[in-house]
Structure formats: structure tokens, C-alpha cells
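What follows is each chain in one-letter form.
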Amino acid sequence: MSESYSKKVLSLFKNPKNYGKIKNPDGIGKAGNLACGDVMAIYIKVGKNKKQEEIIKDIKFETFGCVAAIATSSIITELAKNKTLEEALNITKNDVIKALNGLPPIKVHCSLLSTDALFEAIYDYYTKHNSEKITNELEKRHQSILKSKEIIEEKYSDWVNEEEKQLE
Ligand code: FES
């Protein structure tokens, strides 16, 4: 694994894809990284494919974080777009790292932020529209993400409050 950022990471950092908010999203996911204090929000719109399966029709992100956090947020929106919700839930940090042509070892944790935020957005959608899809396993993962997020929000409450105000 390289110690420096790949060209792909740097180019997505400079020109991120799908950056911003979605108006009236079907799901919002927020995740925080305890290791560094970075925070990410992912917004999704859910639609249906030809087989009538629920898919991610639109997805955007906002990230307060490092170069790798911005690049992983951007790439996960590209990986998840038009996937079924089940497929999107199965995107791993290794998929994200591979799509970025690698991350320096000390930045591998940053990729987790994006998979957590995507998971939370889908969980939020299920909570509001399809709660029978929430298995014990999904609930457990949600609780652990929530715990990290609460600790981060306490530490970074000024920024989070500002962010909440903008969401209203
Ligand atoms: Fe915080 Fe990368 S150092 S997510």
C-alpha cells in the first residue's frame, strides 16, 4: 500500500462528485469518526428499478473532514447510485479503497466513515418506510454507529449545531 494519495483520491478531493444536499431526502445518514473527529452526512432518494426493487435513485454528501474523507464520500456516492438498497448495504470499506486505487495505511479508517454514513441513510429510509427490513444485525450496526456519532457530536457540537440549523 502506498504512503501517499493516489491520483484518483486527489482528483476527487479537488472535484468531488455529488457534493451537496438533496431537498426532501428519503433518508439521511450521519457518521462520525472517533479517531479524528471528522463528520459526514449522506442524503438519498429512493426509487424503483424495472424489477420493482428499491434502488438509490439519487445520492449526495456533505463532509467535514480530511482529503481521504472527501474522496471516500465522493466515491461511495458513485458506487451506490442506482444500486438496490441491499447491494448498497453490502458495499465495504475495501470496495471503497479499491475504487480509489488505494489509500495510505493511516487513512484506511477514513473509508469507514463513508460506509457508515451510507448505511445510516438506508437505515433511516427503512425506519420511515419499511421497518420490517430492519434485522437484528442492521439494528446492532446502527447502534454502534450512533454511539460514535454521539461522542463526536459532543466534541464538535458547535459545527454540528450550525449544520442542523442549515438543515431546518
Ligand atoms: Fe478523519 Fe480521515 S482523518 S476521516
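You'll find the structure just up there.
The written sequence of each chain sets the order in which its residues are numbered from 1. Per-residue local features of the predicted model are confined to residues with pLDDT of at least 70, and side-chain atom pairs are confined, for both listing and counting, to 80 or more; whole-chain, interface and lining totals are unaffected and use all residues. Only hydrogens and water are removed before side-chain values are computed, so all heavy atoms of the structure are retained for them.

(A) Region of the structure containing the sheet that holds strand β3 (residues 54-64). Being paired, for any two strands, means DSSP has found at least two bridges between them. Only DSSP runs of H or I with at least four residues qualify as helices, and only runs of E with at least two residues qualify as strands; both kinds are numbered from the N terminus onward. The strand order β1-β2-β3 describes an open sheet built from 3 strands, whose pairing is antiparallel. Looking along the sheet, the strands with just one partner apiece sit at the ends: β1 (27-32) and β3. Taking each pair of neighbouring strands and ignoring which way they run, the sheet shows an average axis angle of 20°. With 6 bridges connecting them, β1 and strand β2 (residues 39-48) associate as antiparallel partners. For G32, the partnering residue across the bridge sits in β2 and is V39. For this analysis, residues touch if any pair of their heavy atoms sits within 4.5 Å. To obtain an axis, a line is fitted to C-alpha atoms, over the contacting stretch when the element is a helix, and the angle between two such axes runs from 0 to 180 degrees between their N-to-C directions. Across the face of the sheet, helix α5 (residues 108-129) comes into contact with β1, β2 and β3 while running at roughly 145° to β1. Taken strand by strand, helix α6 (residues 136-155) contacts β1 and β2, and its axis lies near 65° from that of β1.

(B) Local environment of the environment of K107. In this structure, K107 sits in the loop between α4 (93-99) and α5. Separated by 77 residues in sequence, K107 and K30 have C-alpha atoms that sit 19 Å apart. Once residues within four sequence positions are removed from consideration, K107 is found in contact with Y5, C66 and A68.

(C) Fine view of the packing of α5 against α6. The interhelical angle for the contact between α5 and α6, taken along N-to-C directions, is 120°, at an axis separation of 10 Å. By the angle between their axes, α5 is oblique relative to α6. The handedness of the crossing between α5 and α6 comes out as left-handed. Packed against α5, whose contacting residues are T115, D116, F119, E120, Y123 and Y126, the element α6 presents L138, E139, R141, H142, I145 and L146 at the interface. Each residue belonging to the contact of α5 with α6 can be placed in one class, and the counts come to 6 nonpolar, 2 polar and 4 charged. Oblique is the label for any angle not covered by the other classes, which are roughly parallel (under 35 degrees), roughly antiparallel (over 145) and roughly perpendicular (65 to 115). Handedness of each helix crossing follows the sense of rotation of the near helix against the far helix: counterclockwise by less than a right angle gives left-handed, clockwise gives right-handed. Note on residue classes: Ala, Val, Leu, Ile, Met, Phe, Trp, Tyr, Cys and Pro are nonpolar, Asp, Glu, Lys and Arg are charged, and everything else, Gly too, is polar.

(D) The arrangement of the pattern of salt bridges in detail. A side-chain nitrogen of Lys or Arg and a carboxyl oxygen of Asp or Glu constitute a salt bridge if their distance falls within 4 Å. Evaluation of the coordinates by the stated rule reveals 4 salt bridges. Close ionic contact of D58 with K81 constitutes a salt bridge, the shortest N to O distance being 3.6 Å. With D58 in strand β3 and K81 in the loop between α2 (67-80) and α3 (85-89), this pair connects stretches of sequence that are 23 residues apart. In this structure, the salt-bridge partner of E86 is K133, at a minimum N-O distance of 3.0 Å. Placement of the pair is E86 in helix α3 and K133 in the loop between α5 and α6, with a sequence separation of 47 residues. Among the residues examined, E86 registers a relative accessible area of 37% and is labelled partly exposed. The rule is simple: take the accessible area with a 1.4 Å probe, protein chains only, and divide by the maximum for that residue type; under 20% is buried, over 50% is exposed, in between is partly exposed.

(E) Quick peek at empty space enclosed by the protein. Cavities and pockets were defined on a 1 Å grid built over protein atoms only: a cavity is a set of grid points that admits a 1.4 Å probe from which the probe cannot escape, a pocket is an open set flanked by protein on both sides within 12 Å along at least five of seven lines, and lining residues are those with an atom within 4 Å of any such point. Grid points are joined across faces, edges and corners, and a volume is the space filled by probe spheres set on the points. Here the structure, examined in full by the defined rule, presents 2 cavities of 30 Å³ or more. Considered as a void within the structure, the second largest cavity measures approximately 40 Å³ in volume. Lining the second largest cavity are A88, L89, I91, T115, L118, F119, I122 and R141. Among the secondary structure elements, those contributing two or more residues to the lining of the second largest cavity are α3 and α5. The dominant element in the lining of the second largest cavity, judged by the number of residues it contributes, is α5, at 4 residues. Looking at the lining of the second largest cavity, its residues break down into 6 nonpolar, 1 polar and 1 charged.

(F) A look at the pairing of β2. Of all 10 residues making up β2, 8 are buried, and the element is well covered by its neighbours. Note that β2 and β3 share 10 bridges and pair antiparallel. In the sheet register, V39 faces β3, and the bridge partner there is F64. Between β2 and β3, which pair antiparallel one after the other, the connecting turn spans 5 residues, and Q52 there sits at a positive phi close to 65°.

That's the geometry; what it means functionally is another story.
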